[in-house]
Amino acid sequence: MDVYDVSDDLVKKLNDWKLIGIISGKFNELKENYSKVNFVEHALIDFKYMEKIFLNVTLREDKCNKRSVEFRMLGNEQFSLKNRKYFQALELYNKSICFAEPNSEHLSIGYANRSAVLFEWKRYRDCLANIELARKANYPARLSHKLDKRERDCQQLLEQQPPDVVPHEFKLSFDSHAQVPYIADCLELRESPDEGRFVVTNRDLVVGDLVAVEQPFCSTLLPPMRYIRCATCKRENYLTLIPCDSCCSVMFCSEECKLRATSSFHRFECPIIDFLHRMFNKIHGIALRTTMAALDLYPSIEELMAFCEQPQNQHKCAFDLDYSQLSAQEHYRAIHGLVTNQHLRSVSDLFQRSVVCAVLKHFIIEYTPLKDFLGGEDGRNFFTDLLFRHLQTSPSNMHGIDLVEQVNETKDDQTHSSGAYAFLSLLNHSCAPNTLRIYEGTKAYLFVLRPIKAGNVLYDNYGAHFAVFSKQQRLDTLSMQYRFDCKCEGCELDYPTFGRMPHKATVPSVTDDTDMKSLGAYNYDFATSNYTKYCEFLTQYGAAYPCEQISSAEECLKMALHIMVDAVPLKAKM
Ligand SMILES: C[S@@+](CC[C@H](N)C(=O)[O-])C[C@H]1O[C@@H](n2cnc3c(N)ncnc32)[C@H](O)[C@@H]1O
């Protein structure tokens, strides 16, 4: 059961009982969003949906040594000489660590087993970090000789290893914008009745130009990544993750990240974490996280309320902020001002969104400390309004954060997190985009993918790419999720579709035998060490390039982008 099942079932019931007309009429008459959501919440309570959810969905799994041991055994099987599936073993050991009861030896054995994988993987520094974690978690004395030996071997081998590769740092191709320091000075904001706000360049841009480097206001990790990445900084850190002390579904890369989470968003999400993962999707997840990050800005709900109501905080964007001392509060002005498209939404869309909001707010208020923070009715209604706002801004604005490198052949799309970006959210869509976002952690780089003449618009792609979806599929998605009729160049030319995103198909894979250290800067894989693979792939599309001649990461990326541009129409013509 997820929240859409609840919504579908409710609508079906109302239809069966011939109540849908009356209910949607009443719903439509309500002016305030919180009134709509409260109305739906009451219906869900009256029809016993909340009770059913409570009885059928676990709010949070308890720590359990028995399950910890089961996961460890599964991990051992993957790690065995027969299988040697190290990545799978690590994920299972992380699960075992997460389920282990605090202060039990199972936690320390989980760390120790992880150190064994890392030793095989020649990640000696991480191996030592895990040995230390195991000792701190009271590793049993009867087994300590094993750890002592591993530690000695590790220290010896570490000395012989070359230093880690430092990832290449990309810099803006132009001076910084006078107002918005993390974008190029040639970018300008425009607005039109048909397309809302959008971004143009006042200078010719060429392929490979880097025009923005942006950090999100907030981000959230997707549930399948919970035993691989840190829930706070989202770094891939499955080698040294530590668990939340209370839940079995969240891990952190350091005590610092753990404290940041447990004193903010995770304080409220932790008591219902498994319910959140089970019932809601990534759009709902980032909407909730954005709302919680907003609550974190002020010590009291009244102060946030005052902030959100001030006229100078309405419909603001990245170009309106004061960057001289950028605070989280200032940053949020641009996130609060993202388009909701509420006026374009149908009653049934708003009704379904209200069901999502009602279930989410009901459980988070009832079963977490949020209730105390919100105080009385005014606080609850304000929270409901804010959550409803972000349940509308999220589908139209939030970004999937992905990794250029792949973990294994089967995972094609490695989107690991969602993020709220003030500037990137001003880019309009094209099915044949002229820019490309690449991420390092949650930091987004915006590269030019096709030449853009001065005066022209920079277009992003919202997932409806001409190379992947038919024109009709794209038009349907864009009108349903983003509420506009696409008339972009990709649609006018109506290129034939050939199945997969050109750059997604180029991602090199890390196999279980890969010496992880040799990858070093693996966030930039396709731009750096693995560009040969990338080019090999593209030759299938008729593009042959002398990859060996590319020496720097920047040069490689430019070349990679050129190849992409050339390869797409080539294949399309075949
Ligand atoms: C990420 S926002 C882009 C910025 C937005 N135009 C604004 O005013 O803030 C996405 C929304 O912009 C609008 N939009 C995006 N691409 C468009 C296009 N090609 N034509 C018309 N509207 C578009 C739609 O309302 C969409 O939901």
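Residues numbered from 1 in each chain as written. Predicted model: local features only at pLDDT ≥ 70, side-chain atom pairs only at ≥ 80, totals over all residues. Heavy atoms only, no water.

S.K.: Please set out the sheet that holds strand E8 (residues 415–420) residue by residue, giving values where relevant.
M.R.: Sheet strands line up and pair through hydrogen bonds in the backbone, either parallel or antiparallel. With antiparallel pairing, 3 strands are arranged side by side in an open sheet as E4-E8-E7. Looking at which strands have only one partner, the edges of the open sheet turn out to be strand E4 (218–221) and strand E7 (399–402). Each strand axis lies, on average, 35 degrees off the axis of its neighbour in the sheet, ignoring direction. (Pairing = 2+ DSSP bridges. Helix = DSSP H or I, 4+ residues; strand = E, 2+ residues; numbered from the N terminus. Axes fitted to C-alpha atoms, helices over the stretch in contact; angles between N-to-C directions.)

S.K.: How would you sum up the nonpolar core? Please name residues and give values.
M.R.: Of all hydrophobic cores here, the largest spans 140 residues; its most connected members are Leu44, Phe275, Val359 and Phe423. When neighbours within four sequence positions are excluded, Leu44 is seen to be in contact with Val6, Leu10, Tyr49, Met50, Val355, Ala358 and Val359. Counting residues in hydrophobic clusters, the runner-up holds 10 residues, among them Ala464, Tyr482, Cys488 and Cys491. (Core = buried A, V, L, I, M, F, W, Y, C linked by side-chain atoms within 4.5 Å. Buried < 20%, exposed > 50% of the residue type's maximum accessible area, 1.4 Å probe, protein only. Contact = heavy atoms within 4.5 Å.)

S.K.: Run through the packing of helix H4 (residues 49–56) against helix H16 (residues 347–367), naming residues and quoting values.
M.R.: Remark: H4 packs on H16, axes separated minimally by 11 Å, with the N-to-C direction vectors making an angle of 65 degrees. Our pair here, H4 against H16, has a crossing hand that is right-handed. For the pair H4 and H16, the contacting residues are Met50, Ile53 and Phe54 in the first and Ala358, Val359, His362, Phe363 and Tyr367 in the second. The residue inventory of the contact of H4 with H16, partitioned by class, reads 7 nonpolar, 1 polar and no charged. (Left-handed = near helix turned anticlockwise from the far one by under 90°. Nonpolar A, V, L, I, M, F, W, Y, C, P; charged D, E, K, R; others polar.)

S.K.: Report on the site of the ligand, specifying residues and quantitative values.
M.R.: Surveying the vicinity of the ligand reveals 16 residues, the closest of which are Arg197, Asn341, Asn428, His429 and Tyr482. Between the ligand and the protein, one listed contact pairs an oxygen atom with a backbone N or O atom of Arg197 at 2.7 Å. Take Asn428: an N or O atom from its side chain is 2.9 Å from a nitrogen atom of the ligand. The fraction of the free accessible surface of the ligand (560 Å²) that becomes covered by protein chains is 92%. Put simply, the parts of the chain that give the shell around the ligand at least two residues each are strand E2 (196–201), helix H18 (377–397) and strand E9 (428–429). Here the residues of the shell around the ligand are counted per class, giving 6 nonpolar, 7 polar and 3 charged. Built from parts of two domains, the shell around the ligand gets at least three residues from each of domain 2 (187–214 + 421–572) and domain 3 (222–400). (Near = heavy atom within 4 Å. Polar contact = N/O pair within 3.5 Å; in protein donor to acceptor, adjacent residues only side chain to side chain. Areas by Shrake-Rupley, 256 points an atom, 1.4 Å probe, with all protein chains shown as cover. Domains from an automatic or database assignment.)

So, to be careful, I would describe these as geometric facts and stop short of saying anything about function.
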